[in-house]
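# Structural characterization, general
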Amino acid sequence: MSRRRADSQGSLGPDDEVMPYSDDETDDELDATSEEEEEVPPGAVPMADEARPSEMPWKVKANDRPYHNLPEFQKKHFLCFKKSRYAGNAIKTYKYNVITFLPLNLFEQFKRAANRYFLALLILQCIPQITTLAWYTTLIPLVIVLGITAVKDLNDDLARHRMDKEINNRKCEVLLDGRFEESKWRDIQVGDVVRLKKDDFIPADILLLSSSNPNSLVYVETAELDGETNLKFKLGLRVTDERLQEEHQLAAFNALIQCEEPNNRLDKFIGIMDWQRELYPLDLDNMLLRGCKIRNTMHCHGLVIFAGADTKIMRNGGKTRFKRTKIDELMNYMVYTIFALLILMAAGLAIGHSFWYEDIGSKAWYLFDGLDQNAAYRGFLSFWGYIIVLNTMVPISLYVSVEVIRLGQSKFINWDLQMYFPEKDTPAKARTTTLNEQLGQIEYIFSDKTGTLTQNIMQFKKCTIAGRTYGEPTTAEGVVLDRGRPVDWSWNRHADKKFQFMDHSLVATIRSRKDKDVNEFFKLLSLCHTVMVEDKDGELVYQAASPDEGALVTAARNFGYVFLSRTQDTISIREMDKESTYEMLALLDFNSDRKRMSIILRFPDGRIRLYCKGADTVIYERLSPNSRHKDTSQKALDEFANETLRTLCLCYKDISADEYAAWSRTHKEAQLAVANRDAALDDVYELIEKNLMLIGATAIEDKLQDGVPSTIATLAKAEIKIWVLTGDKKETAENIGYSCSLLTDDMQIHYGEDVNEKLSIRQTQRRHQPPELHHGKKTPVEPFFTQSGKNALIITGGWLNEILYEKKKKRRRLRLRRLGRRPPPANPQDGQPMDDYEKEMRQIDFVNMACECEAVICCRVTPKQKANVVSLVKKYKKAITLSIGDGANDVNMIKTADIGVGISGQEGMQAVMSSDYAFAQFRYLERLLLVHGRWSYIRMCKFLRFFFFKNFAFTLIHFWYSFFSGYSAQIAYEDLFITLYNLCYSSLPVLLVGLLDQDVNDKLSLKFPKLYLPGQQGALFNYKNFFISLFHGIFVSLIIFFIPYGAFLQTMGQDGEAPSDYQSFAVVTASSLIFTVNLQISLDTSYWTFVNCFAVLGSIAIYFGIMFDIHSAGIHVISSSIFTFTGAASNALRQPYLWLTIILTVGISLLPVICIQFLHKTIWPSVGDKVQKNRKKYEMELMEEEKKKPSAFQRGRRSRRSAYAFSHSRGYADLIASGRSFRQRPATRRTAHESIREVPHGDAENI
């Protein structure tokens, strides 16, 4: 299937290869840009950028701490108090300290409406005129709840204290009083000069001054920032490199740095260093950012520019949002509903009491209490009395029970061995205890790519040379095998032993040296690159700017073409047994527009040859008509694409000396160009990179993490949509989309231009609608994609800004502020919205279009854009979202989503520290959602439904009793029964259901992803379920009250006494209630264990044990005012007639439930019921499947251009050409060769 691809080159839209940061621009650069945009009066000369150092608002003076405390750098902090605008380097993520814990925690807990309600009840119960219950019936549960929550909060905050302390107490050498002294990170201040050593973490955002490497070259690992483990290089200024090597030189350093204010832009830094009456420009290449790690550098010196909260890594964290589950919000609304019902019932009963007292109470002499109160006042007191009596409709134990269940569910996630990654000894970790049930309701997953879906490992898998494809398991004679063994590299002492290749025939061909094309192929790989090398203990270690390049040079090394060393103008390689040195005449580096790189070499015999490697789309356009094997190579490329391998075409061209001399003159002229130098160089490169001869192509595997395709496929069956949000380039992101089965061959892919066009058409249609329809915020009914089939959307950050009207938003605000607000144009032509409504509708249109697609990939997006995409889906779809990532560039997205998941086990832990859940592999997400999430949701819903039911049944008995007690707020039970009902008599069985219940086991949960759908739909707990619980409670309370009431009318006991007294009635109703609720939860339990059985029987036994104790004569002696039911239980429960009443009451209460459950499971079974019914059959099938071998990889049948294997940033060509990494230092300085020590760890997308 052919698909139209978005081509940024030549398009009038945004550049697909550029990562936009328009919303993150600092005010100073906006001021500068805005001024540039303003008209310059005739005859005036515009001010040059270099002439504006005073406009840069951030000033840092080296080795001068008092300077940063001057009044001009103070800002208002609180009331009239001021503090320095420069942040200290200590970080603080904790909430409490020793003094503030108790008041602040209580303040936060009483923000919860339910806690304030129970405090108000406690105060009411202390008023003798209205209280009908003892004050301790509310105080004891309230203290327990507040105490448990406080202990949990304290434990969480102690963990934050420990983490902060560990980071703030890291050691670093700081220049103080002319010498370096060891200091803690928290004591570092802006303007300090620090010394960092190999493998040190960088404590702040630091300007690099000098290092032990030539030209102050420093290699850094950015895993904390972006999850990547390949190294980047930073360079100090030449002037600081030459003059700031010794301690006394650094102590005398007094430069003034003027730069941009702290911001979150990881890709940009602008500043000026004013030192010794000279100005030196500064950029990001001179900065070492906090969170990175020093590698391959013995030591370096730097000046602290931004500290603590001002550093870029902290600025990228976004706001910490308080996350609450949908069930929490729903539960709060239901509690408000109960409050309303409670007030209505209390008001109705109070009115009833007023009328009753008027008609009956005031006229009955035996009810006279000696108080001179009229009927209305008595009704008013009765209202408050019933508020107290009926308060158990909202039991305080509900909240503590929910916390206990969530804590238990979090522990089950932590203890799950199937989510434990043994290779890095990393278990799954639930970092929060409040969101577990939300895991069972996820509708959208937003995933990073590098390090989350992929392993950061590139592997050379296949190649095609002169029309022949290599890479399948093959013998040395060329016989293809079903299964082979890896090639033995013992014949090559320079081989990387970790490199695996299955095709023995290619090795045999190379060693025979009979095939010139094969030899030329690997010679090209060993020469055409920008890799740096070091000899570490006799073993070669390669340092590549792109992991793809590292994989290709390593492959050439294993096949006998070993890259040994390079200088500014030579490259040395070993060709099998012979060592050769080639003169490098020119290095034409890769960039995102050229999509290729070339090198021009002079061979030892004097020949000049150009080697080139690049994407097939650009190489084929530049091939000579005489080039052979184009068709066969294209077929091989299509096969590689089907296997989602990343490809590069390799070619060469022989150049005459005269042709090179003429081109070289043109090249030097372009290098000296002042304006548009890059464009001029690209034009010159075009002159030489033509009429190329094709040799072949390579195929590299960007290795996915294990189980990623199957996880995505399973989650898709659960109707969870996965969006990939990455900073990587479009081609790479698209290729990974195919690799992980997110994109399939039958999908129609839509790019930025297509999306923008469709949205503009919809916007134009809306503008032509009648004005009265404009502000009816209904989403459009008609879909964007009317054709049948699946759709996918691939959009870059530039197009995202264009589509969502985010482009230049901040600049536009600034200009409006300066020039005064202008009325919006009646017919905007610049693509900008007419008003906020139109902008909002545009965003809604985009979200609707994206949600119609099966897959969405947003590439070249900034951290802020990732968070914005998540916010849009949350806002306009009201969907529950999950974000998963592994680097600091994912933190904002992780914090914005309803659930944030961090990939742990890598060296970058920033994402994990900001996440709600953490584990080591993407595939564990399947189990987290479909097993733990679904179980947690089902358990919590079942718990809440039953909890509301049992409390309605318990409380409403007071309501029915009031009709027979003159609406006097008299309670129907004993005081202590009310206190202990939710604490002891009915809490344990429902708590265990909330902790342990499961409708089907974990394997069946994964086998049938459709079981996840009820959670997404919120089908198990909503207002419908709430009112069902309410009516169920009303029904049961009616039965429990009126059957014993009828049984007690005109009855006579065996001893001739009437058992129809109030205390006997209270015992019978209480006993019937305890049997009913405990047997009811038994009917609702799907997964029985010994613990559940023990809890049900134990709760009933505890009830009778405590009741007989507190009704005994012995305990009555202790406190006759509290224990007033002396002998009531033993007297009532010795009557067989009352036992029969209890049995009848319980039977009639449970019978309708049994019937309804039977009908539901037989006539209207759910998916879960069907799976339960055939559980044994499915379990047998699973056992059979486990015995079978996993199926081999199936190749697809699509034909498409594959993504090319290249980093999306420039390589080390400029560094090599400048010679800065090779130039030797005088005297004691080490060479680059001696200073490089570390092995790069793998693939990554750059910052």
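The structure contained in this document is the topic of the report that follows. Keep in mind it's a predicted model, so treat the numbers as computed, not measured. Per-chain numbering applies: the sequence of each chain, read as written, is numbered from 1 onward. The model is predicted, so local features are restricted to residues of pLDDT at least 70 and side-chain atom pairs to those at 80 or more, both for listing and for counting; the totals for chains, interfaces and linings are taken over all residues. Note: side-chain values were computed over all heavy atoms of the structure, leaving out hydrogens and water.

### Re helix H28 (residues 924–962)
Secondary structure follows DSSP: runs of H or I at least 4 residues long count as helices, runs of E at least 2 residues long count as strands, and numbering of each begins at the N terminus. An expected span of 1.5 Å times one less than the residue number is assigned to each helix. Compared with an ideal rise of 1.5 Å per residue, which puts 39 residues at 57 Å, H28 spans 56 Å between its outermost C-alpha atoms and is within 8% of the ideal. Bend, at a single residue, is the angle you get between axes fitted to the 7 residues ending at that residue and the 7 residues starting at it. Taking the largest bend as the criterion, H28 deviates by roughly 30 degrees, centred on Gly933. We call a residue buried when its accessible area falls under 20% of the maximum for its residue type, exposed when it is over 50%, and partly exposed in between, using a 1.4 Å probe and counting protein chains only. Across the 39 residues that make up H28, a large majority, 38, are buried.

### So, the sheet that holds strand S18 (residues 454–465)
At least two DSSP bridges between two strands are required for those strands to pair. Strand order in the open sheet formed by 9 strands is S19-S18-S28-S27-S26-S25-S24-S23-S22, and the pairing between neighbours is antiparallel. Edge positions in the open sheet fall to strand S19 (468–470) and strand S22 (561–566), since each of these has one partner strand only. In this sheet, adjacent strand axes meet at a mean angle of 30 degrees when their direction is disregarded. Looking at chain direction, strand S24 (residues 578–588) and strand S25 (residues 596–602) are connected through 5 bridges and run antiparallel. The residue of S25 that forms the bridge with Leu587 is Ile599. Packing against the sheet, helix H13 (residues 516–527) makes contact with S18, S19, S22, strand S23 (570–575), S24, S25, strand S26 (608–614), strand S27 (646–655) and strand S28 (693–704), and its axis sits at approximately 60 degrees to S28. Whether two residues are in contact is decided by their heavy atoms: any pair within 4.5 Å suffices. For every element, the axis is a line fit to its C-alpha atoms; helices are fit only across the contacting stretch, and the angle between N-to-C directions ranges from 0 to 180 degrees. Helix H16 (residues 630–642) contacts S18, S19, S27 and S28 of the sheet and is inclined by roughly 155 degrees relative to S18.

### Regarding the packing of helix H2 (residues 101–109) against helix H4 (residues 136–168)
Axis separation between H2 and H4 bottoms out at 11 Å; the angle between their running directions is 115 degrees. Helix-helix and strand crossings are classified by hand; for H2 and H4 the assignment is right-handed. Between H2 and H4, the residues in contact are Phe101, Asn105, Leu106 and Gln109 and Val145, Leu146, Thr149, Ala150, Asp153 and Leu154, respectively. Classifying every residue of the contact of H2 with H4 gives 6 nonpolar, 3 polar and 1 charged. Should the near helix be turned anticlockwise from the far one by less than a right angle, the crossing is termed left-handed; should it be turned clockwise, right-handed. Amino acids are sorted into nonpolar (Ala, Val, Leu, Ile, Met, Phe, Trp, Tyr, Cys and Pro), charged (Asp, Glu, Lys and Arg) and polar (every other residue, Gly among them).

### Focus on the nonpolar core
Counting 101 residues, the largest nonpolar core has Phe943, Leu944, Phe948, Phe977 and Leu1073 as the members making the most contacts within it. Of all the elements, H28 adds the most residues to this core, at 17 residues. Not counting the four nearest positions on each side in its chain, Leu944 is found in contact with Ile327, Met331, Leu398, Val402 and Phe1021. What we call a nonpolar core is a set of buried Ala, Val, Leu, Ile, Met, Phe, Trp, Tyr and Cys residues that are connected through their side-chain atoms within 4.5 Å. Formed by 58 residues, the second largest nonpolar core is a distinct cluster that contains Trp489, Phe499, Ile510 and Val533.

### Things to note about the pairing of strand S31 (residues 790–796)
Where burial is concerned, most of S31 is hidden: 6 out of the 7 residues are buried. Pairing of strand S30 (residues 747–750) with S31, which is carried by 4 bridges, proceeds in the parallel orientation. By the bridge assignment for S31, Ile749 is matched with Ala792. Relative to strand S32 (residues 855–859), S31 runs parallel, the two being bridged by 5 bridges.

### Some details on the sheet that holds strand S9 (residues 231–235)
Within the open sheet, the 3 strands sit side by side as S9-S8-S14. Their pairing is antiparallel. Each end of this open sheet is capped by a strand with a single partner; those strands are S9 and strand S14 (293–295). Taken over all neighbouring pairs, the strand axes of this sheet differ in orientation by 45 degrees on average, direction set aside.

### As for the packing of aromatic side chains
Stacked, edge-to-face and tilted labels apply to pairs of Phe, Tyr and Trp rings (six-membered ring for Trp) whose centres lie within 6.5 Å, assigned for plane angles under 30 degrees, over 60, and everything in between, in that order. Under the criterion given, the structure shown has 67 aromatic pairs. On the basis of an interplanar angle of 80 degrees and a centroid distance of 6.1 Å, the ring pair of Phe919 and Tyr924 is categorised as edge-to-face. A single burial state applies to Phe919 and to Tyr924, both of which are buried. With a centroid separation of 5.5 Å and an interplanar angle of 55 degrees, the aromatic rings of Phe946 and Phe949 are classed as tilted. Taken as a pair, Phe946 and Phe949 lie in helix H28 at a separation of 3 residues, close to a single helical turn. Here Phe946 and Phe949 have matching classes, each one buried. Grouped by ring-pair contacts, the aromatic residues Phe959, Trp960, Tyr961, Phe963, Phe964, Tyr967, Phe1041, Phe1042, Tyr1045, Phe1048, Tyr1062 and Phe1065 constitute a single cluster. In this structure, Lys61 packs its charged tip against the face of Tyr67, placed 5.5 Å from the ring centre. Charge-over-ring placement is defined geometrically: NZ (Lys) or CZ (Arg) within 6 Å of the ring centre, and within 35 degrees of the ring normal. Over the aromatic face of Phe180 sits the side chain of Arg195, whose NZ or CZ is 4.2 Å from the ring centroid.

### Let's talk about the pattern of salt bridges
Salt bridge, as applied in this entry: a Lys or Arg side-chain nitrogen positioned within 4 Å of an Asp or Glu carboxyl oxygen. Per the counting criterion, the structure on display carries 43 salt bridges. Where Arg160 meets Asp157, a salt bridge forms, and the shortest distance between an N and an O atom there is 3.2 Å. Separated by 3 residues within a single helix, Arg160 and Asp157 lie in helix H4, roughly one turn from each other. Its relative accessible area of 2% is what places Asp157 among the buried residues. A salt bridge links Glu437 to Arg406, with the nearest nitrogen and oxygen atoms 2.4 Å apart. Pair noted here: Glu437 is in the loop between strand S16 (429–430) and strand S17 (444–447) and Arg406 is in helix H11 (residues 397–414), with a separation of 31 residues, a long-range link. Taking the relative accessible area as the measure of exposure, Glu437 reaches 0% and is therefore buried. Taken together, the salt bridges that share partners define one network made up of Arg596, Glu621, Arg622, Glu686 and Glu689.

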